[in-house]
Amino acid sequence: MAERVIPLVDQRLTALRAALPDRPVAATGLLADTLGRPLRDLRISVTDRCNFRCSYCMPKEVFDKDYQYLPHASLLSFEEITRVARQFLAHGVHKIRLTGGEPLLRKNIEILITQLRELRTVDGTPPELTLTTNGSLLARKAQALKEAGLQRVTVSLDGLDDAVFRRMNDVDFPVAEVLEGIAAAREADLGPVKVNMVVKRGTNEHEILPMARHFRSSGIVLRFIEYMDVGATNGWRMDEVMPSSEVRDLIAREFPLVPLEAAAPGETAERWGYADGTGEVGFISSVTQAFCGDCNRARLSTEGKLYLCLFAHNGYDLRALVRGGASDEELASAIGHIWQGRGDRYSELRATMPPDASTGVRRVEMSYIGG
């Protein structure tokens, strides 16, 4: 068998230069990219480590026991993360989501949450603070996260059948402990809690209805995510994608659904409510119904690279500015200059690409910059 190449190494060791523009870009809260999309959402990866080995994200044959994670000195410190986040808020960001890897593996993450809670948006209000987790450590940390200032959590859960779930996380982790974490999050008032299920045809589509039945009437928002072609290690194939429309029709045959308005501009999930008023479900359809047109999200990697798209090839090195003596104004100007040049719309263009268009292209891994 041919040895697999790990493209992540190149992504971590190379980056685009975050240049200081000749004409400074002032932080006015009104920043827009080349397509007129504002900057409103910042996703911060706090670690490249995860204790799961889900095949669609960190397959075990690539991320094995010999895999070399980033050294701690390469990671942005909590103070550095907070400083960078402050500049994003000055440009109009209102929501910060902490991701990983698995963010709860970052030691003392509560300290970072406390620091971010003290920041203010251009409106003078605290930013919305959320976190996405696999739920494995949530039962023991939920209350501390709430006390630190976290507002809500999103939990990744790809099925309720224990055998299916253990097979998908590939580390034999029981589903019962994730459900305990979800219950702890609700008890700590980290809500509304959202649960994300990645649907991979041939693997877990038979779990769609059991998941819908379980979370209906619970106050938890269940969202179904199309299996996406992120990175270069998950072996993505289009025939393993189950379109959201098919998932929605399957649910609607048992529980009639009605469309709901988007909760916020640029929201990734299309919202549908149960017709009897017992809750809602969401559908994230990056493959079949691209939402690039109003995408307002930027992503900061754990060692300070700014990515403008989940499917990007390279990130801009903000750490070099942070550790190289750049002032806050210069850092904000560099961020503004990068966003003003953004034209990314990979999901919209995917359908027009020839089947082999991405051959050899090393897109960033989802485990490296979060979802």
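Analysis parameters
- Residues numbered from 1 in each chain as written.
- Predicted model: local features only at pLDDT ≥ 70, side-chain atom pairs only at ≥ 80, totals over all residues.
- Heavy atoms only, no water.
- Helix = DSSP H or I, 4+ residues; strand = E, 2+ residues; numbered from the N terminus.
- Buried < 20%, exposed > 50% of the residue type's maximum accessible area, 1.4 Å probe, protein only.
- Contact = heavy atoms within 4.5 Å.
- Pairing = 2+ DSSP bridges.
- Right-handed = clockwise from strand over helix to strand, strands pointing away.
- Phe/Tyr/Trp six-rings, centres within 6.5 Å; stacked < 30°, edge-to-face > 60°.
- Lys NZ or Arg CZ within 6 Å of the ring centre and 35° of its normal.
- Core = buried A, V, L, I, M, F, W, Y, C linked by side-chain atoms within 4.5 Å.
- Axes fitted to C-alpha atoms, helices over the stretch in contact; angles between N-to-C directions.
- Parallel < 35°, antiparallel > 145°, perpendicular 65-115°, else oblique.
- Left-handed = near helix turned anticlockwise from the far one by under 90°.
- Polar contact = N/O pair within 3.5 Å; in protein donor to acceptor, adjacent residues only side chain to side chain.
- Arc of directions from axis to C-beta.

Draft legend 1. Summary view of the overall build of the chain. What the chain contains, in helices and strands, is 12 helices and 13 strands. By residue count, 54% of the 371 residues in the chain fall in the buried class. Contacts in the chain between residues far apart in sequence, at least 24 positions, make up 75% of those at least 6 positions apart.

Draft legend 2. Main features of unusual backbone geometry. Residue Gly101 is bonded to the preceding Gly100 through a cis peptide linkage, with omega at 10 degrees. Note on placement: Gly101 falls in the loop between strand E3 (95-99) and helix H3 (109-117). Cis geometry marks the peptide bond from Gly191 to Pro192; its omega dihedral reads 10 degrees. Among the secondary structure elements, Pro192 is positioned in the loop between helix H6 (175-187) and strand E6 (194-199). A positive phi angle, near 65 degrees, is found at Asp172, a position not held by glycine. By the element assignment, Asp172 lies in the loop between helix H5 (162-169) and H6. Positioned with a positive phi, Asp189 is a non-glycine residue whose angle comes to about 65 degrees. Residue placement: Asp189 occurs in the loop between H6 and E6.

Draft legend 3. Summary view of the pairing of strand E4 (residues 128-133). For E3 and E4, the ladder comprises four bridges, and the chain directions are parallel. Bridging from a neighbouring strand, Lys95 pairs with Glu128 of E4. After leaving E3, the chain enters H3 and then returns to the sheet as E4, a path that is right-handed. One ladder, built from four bridges, connects E4 with strand E5 (residues 152-156); its direction is parallel. Bridged to Leu131 within E5 is Val153. Once you follow E4 into helix H4 (residues 138-148) and on to E5, the crossover reads as right-handed.

Draft legend 4. Representation of the packing of aromatic side chains within the structure. Per the counting criterion, the structure on display carries six aromatic pairs. On the basis of an interplanar angle of 75 degrees and a centroid distance of 6.1 Å, the ring pair of Phe52 and Phe165 is categorised as edge-to-face. Of this pair, Phe52 sits in the loop between strand E2 (41-45) and helix H2 (78-90) while Phe165 sits in helix H5; the two residues are 113 residues apart in sequence, bridging distant segments of the chain. Judged by centre distance (5.7 Å) and plane angle (80 degrees), the ring pair of Phe255 and Tyr274 falls under edge-to-face. Note that Phe255 is positioned in the loop between helix H8 (244-254) and strand E8 (257-259) and Tyr274 in strand E9 (residues 270-274), a separation of 19 residues in sequence. With relative accessibility at 5%, the residue Tyr274 sits in the buried group. An aromatic cluster of at least three residues, connected via ring pairs, comprises Phe52, Phe165 and Phe173. Directly above the aromatic system of Phe283 lies the positively charged group of Arg248, at a separation of 5.9 Å from the ring centroid.

Draft legend 5. Spotlight on the environment of Leu160. Mapping Leu160 onto the fold places it in the loop between E5 and H5. Through-space distance from the C-alpha of Leu160 to that of Val178 is 9.8 Å; in sequence the pair is 18 residues apart. In contact with Leu160, not counting residues within four places along its chain, are Val175, Leu179, Glu207, Pro210, Met211 and His214.

Draft legend 6. Inspection of the nonpolar core at higher detail. The biggest cluster of nonpolar side chains holds 107 residues, and the ones touching the most others in it are Phe88, Leu98, Leu157, Phe224, Ile251 and Leu318. The dominant element in this core, judged by the number of residues it contributes, is H2, at six residues. Ignoring any residue separated from it by four or fewer positions in sequence, one finds Leu157 in contact with Phe165, Val175, Val178, Leu179, Ile182, Val195, Asn196, Met197, Met211 and Phe215.

Draft legend 7. Region of the structure containing the packing of helix H7 (residues 208-215) against H8. Two numbers describe how H7 lies on H8: the axes approach to 10 Å, and their chain directions differ by 55 degrees. With respect to H8, the axis of H7 lies oblique. The way H7 lies across H8 gives a crossing that is right-handed. Here Ile208, Leu209, Ala212 and Arg213 of H7 lie close against H8, whose contacting residues are Val247, Leu250, Ile251 and Glu254.

Draft legend 8. The arrangement of the side chain of Glu226 in detail. Take Glu226: it is sitting in strand E7 (residues 221-226). Among the polar contacts listed, one links the side chain of Glu226 to the backbone nitrogen of Ser244, at a separation of 2.8 Å. Apart from residues lying up to four places away in sequence, Glu226 is in contact with Val199, Val241, Met242, Pro243, Ser244, Ile284, Ser285, Ser286, Val287 and Thr288.

Draft legend 9. Just the environment of Ser333, in detail. Relative to the elements of secondary structure, Ser333 occurs in helix H10 (residues 328-340). Separated by 310 residues in sequence, Ser333 and Arg23 have C-alpha atoms that sit 8.8 Å apart. In contact with Ser333, not counting residues within four places along its chain, are Pro21, Pro24 and Val25.

Draft legend 10. Spatial organisation of H5. Among the residues of H5, those classed as buried are Val164, Phe165, Met168 and Asn169. Buried residues of H5, viewed axially, fall in a sector of 120 degrees; they line one side. Among the structural elements, H6 are those in contact with the buried residues of H5. Measuring from the backbone nitrogen of Ala163 back to the side-chain oxygen at the start of H5 gives 3.1 Å, which picks out Asp161 as the cap. Two residues or fewer after H5 comes Asp170, characterised by a positive phi angle close to 60 degrees.

Keep in mind these values describe shape, not function.
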